[in-house]
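Fold and contact review
The chain contents come next:
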Amino acid sequence: MRRLLWLVIAAGCAADSGALGNTTVSPECAPTDFACVTAGLDGPLAVGGVLPLSIDVDALGTSSGAMTLMSGDPRVIKAAGTEIVGLQAGVAALVMLSESSAVDFLHVYVAAPTRVGLQRIEDGLVRQEVTDQIELLVGDELVVEVAPYKDTQRLLGHATTTWTAGAPLALLKDGVPARRRIVARTPGETEVTVTSFGFTKTLRVAVLP
Amino acid sequence: MKRALAAFALLAGGCSEVTLSALTVPPPGKTAHLDDEDDTLDLSRGIAIGFECTGSDDGYYGPCRDAKVYVDDPEIVAAYTSFMDTLAESYNTGHAGARAKTAFVIVGLQPGKTQVTVDTKDGNVTLDVTVTDD
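Remember, it's a predicted structure, so these values are computed and weren't measured experimentally.

1. Looking at the interface of chain B and chain A
With 24 residues of chain B at the contact, the number on the chain A side is 22 residues. For the pair chain B and chain A, the summed buried surface comes to about 1700 Å²; carbon and sulfur atoms form 62% of the total. Taken together, the connections running from chain B to chain A amount to zero salt bridges. Taken together, chain B and chain A are joined by six residue pairs in polar contact (both at pLDDT 80 or more). Of all elements in the fold, only β4 (48-57), β7 (77-92) and β8 (95-108) of chain B reach the threshold of two or more residues within the side of chain B that touches chain A.

As structure tokens, then:
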């Protein structure tokens, strides 16, 4: 029931309209991935971040046709298929093309991250950024996702990520490269270290008996 | 009513005119300004503008018909025909029903000056376009 409620909320706040009102643009994600669906394009794209987009044509009586993206400034944003990559800080138009006609466009900001943060995912939703030590009981699980930040503002996009953790924990892949499921296996204190966008974040974890 | 009166006033004068009207705004701090009086368009690099085209010619008033767009220097701007999900009334020596609006999108690609020509069955207009690196 709670998931259904979030799905209803997500349907109303997850996307941005193109400048001409002909399209709705949002990150490409599974409809049940609430943490992704509810975010929309709610911040700048990170320099070095890759963001697959879902582009829906809103014109009445017309389905979405084959779409390609054109970057107004290839120094700022690279467009490949329906995926965009942030290259340098700035803003550039992203033009949605169908054959030789512009269906719509959207201006997208790009910002350089100053750090990465870990967000706790629960019931498919981002709960908050994890900033303090985590305590788990043996057998407990916690799903975390690494995200780029510019100071306190979360940026969009994902980059190559490496994860390490000490023996008391198992780090399991969770179907999304930027996410891991942390499973507490044996009592002890350890750290989870994640590196992405050239920044490293360390999370202290205590596993209690 | 005012629009209809304006349309008939234009038709009575027998003039041919293409009017371009901006539909979009630039992001904060950037420029996308269409001056339909001086036929100029100022754009920041990387920024796009959408505008619609209205024509009046030989008894017709309404969305531009058979519209095409040409760019002198495609290295400086990119220009595309576009569309809108709305209709506008048209008149052809009398009410001629609603037609799909005619729209275009122009993107400033790199600093410089060039010209963009909107060519329609109802006349044409050439814009002096300036793209700045701001």
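There's more to say after this.
2. Observations regarding the state of the cysteines
Residues and elements named next belong to chain B. Across all of its chains, the model carries one disulfide over all chains by this definition. Paired through a disulfide, C53 and C64 show a sulfur-sulfur distance of 1.9 Å. Between C53 and C64, the S-S dihedral sits near -75°, and the bridge is therefore left-handed. Of the two residues, C53 is situated in strand β4 and C64 in the loop between β5 (60-63) and β6 (68-71); the sequence distance between them amounts to 11 residues. For the pair C53 and C64, a shared accessibility class is recorded, and that class is buried.

3. Remarks on a negative patch on the surface
A contiguous patch of negative charge on the surface is contributed by E28, D56 and D58 of chain A together with D85 of chain B. Checked against the element boundaries, D58 of chain A lands in the loop between β4 (50-57) and β5 (68-71).

4. Quick look at the sheet that holds strand β2 (residues 23-27) of chain A
Residues and elements named next belong to chain A. Read from one edge to the other, the open sheet built from five strands follows the order β1-β2-β4-β7-β6, with strand pairing classed as antiparallel. Looking at the sheet topology across the chains shown, the edges are occupied by β1 (16-17) and β6 (77-80). Sheet analysis places β1 next to β2, joined by two bridges and oriented antiparallel. Bridge pairing in β2 places S17 opposite T24.

5. A short note on the sheet that holds strand β18 (residues 188-196) of chain A
The pairing of strands in a sheet comes from backbone hydrogen bonds and takes either a parallel or an antiparallel form. Residues and elements named next belong to chain A. What the four strands build is an open sheet, ordered β12-β19-β18-β15; its pairing is mixed. Only two strands of the sheet have a single partner each, and these edge strands are β12 (134-137) and β15 (161-165). Across the sheet, the mean angle from the axis of one strand to that of its neighbour is 25°, orientation sign disregarded. Two strands pair when backbone bridges link them, and β15 and β18 are joined in this way by five bridges, in the antiparallel orientation. Residue T161 lies in a different strand from β18, and its bridge partner there is S196.

Rules and cut-offs
Residues numbered from 1 in each chain as written. Chains lettered and ligands numbered in written order. Predicted model: local features only at pLDDT ≥ 70, side-chain atom pairs only at ≥ 80, totals over all residues. Heavy atoms only, no water. Contact = heavy atoms within 4.5 Å. Buried area = accessible area lost by both parts, 1.4 Å probe. Salt bridge = Lys/Arg side-chain N within 4 Å of Asp/Glu carboxyl O. Polar contact = N/O pair within 3.5 Å; in protein donor to acceptor, adjacent residues only side chain to side chain. Helix = DSSP H or I, 4+ residues; strand = E, 2+ residues; numbered from the N terminus. Disulfide = S-S within 2.5 Å. Buried < 20%, exposed > 50% of the residue type's maximum accessible area, 1.4 Å probe, protein only. Patch = residues over 30% accessible without salt bridge, like charges linked within 9 Å, V, L, I, M, F, W, Y side chains within 5 Å. Areas by Shrake-Rupley, 256 points an atom, 1.4 Å probe, with all protein chains shown as cover. Lys, Arg positive; Asp, Glu negative; His and termini not counted. Charge placed at Lys NZ, Arg CZ, Asp CG, Glu CD. Pairing = 2+ DSSP bridges. Axes fitted to C-alpha atoms, helices over the stretch in contact; angles between N-to-C directions.

Note that every value here comes from positions in space, so none of it alone points to a role or purpose.
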